[in-house]
Amino acid sequence: MKAVLLLFTLFAFALPATSAGFFTSVETRADAMNEQLGDNSDYHASLARELADIAVEEKAQHDTSVAKAFMSMAEEHAAQSGGAK
């Protein structure tokens, strides 16, 4: 019984430790996308920047699933603009 309790306790502490490094990519992806877009100012590039800003704000509010969705949309529009993959 103690072993099972210890195992669950270790698992509970391992989740926040691994998720902190796993979800830091939204800011990194936004920075990389902005760098690749450069000073491109067409519709898709502007929309991509706005969506990336929203993604970073959502990540700051700890809503990571929404942040990832907005970042994916931003990258799609950046690709349509010719600036990111």
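Note that residues are indexed from 1 along each chain, following the sequence as it is written. For a predicted model such as this one, the threshold for reporting local features is a pLDDT of at least 70, and the threshold for listing and counting side-chain atom pairs is 80 or more; totals across whole chains, interfaces and linings nevertheless cover every residue. Side-chain measures here rest on the full set of heavy atoms in the structure, leaving out hydrogens and waters.

(A) Summary view of helix α3 (residues 43-60). Only DSSP runs of H or I with at least four residues qualify as helices, and only runs of E with at least two residues qualify as strands; both kinds are numbered from the N terminus onward. For a helix, the expected span equals 1.5 Å multiplied by the number of residues minus one. Over its 18 residues, α3 runs 26 Å from end to end, which matches the ideal 26 Å to within 8%, given 1.5 Å per residue. Residue burial is assigned from relative accessible area. The probe radius is 1.4 Å, only protein chains are included, and a residue is buried under 20% of its type maximum, exposed over 50%, and partly exposed in between. Those residues of α3 not exposed but buried are A45, A48, L51, A52, A55, E58 and K59. Seen along its axis, α3 keeps its buried residues to an arc of 140 degrees; they face one direction. Across α3 from its buried face, at more than 90 degrees, point the exposed residues Y43 and A60. Positive phi appears at H62, one or two residues downstream of α3, with a value of about 65 degrees. The arc refers to the directions leading from the helix axis to the C-beta atoms.

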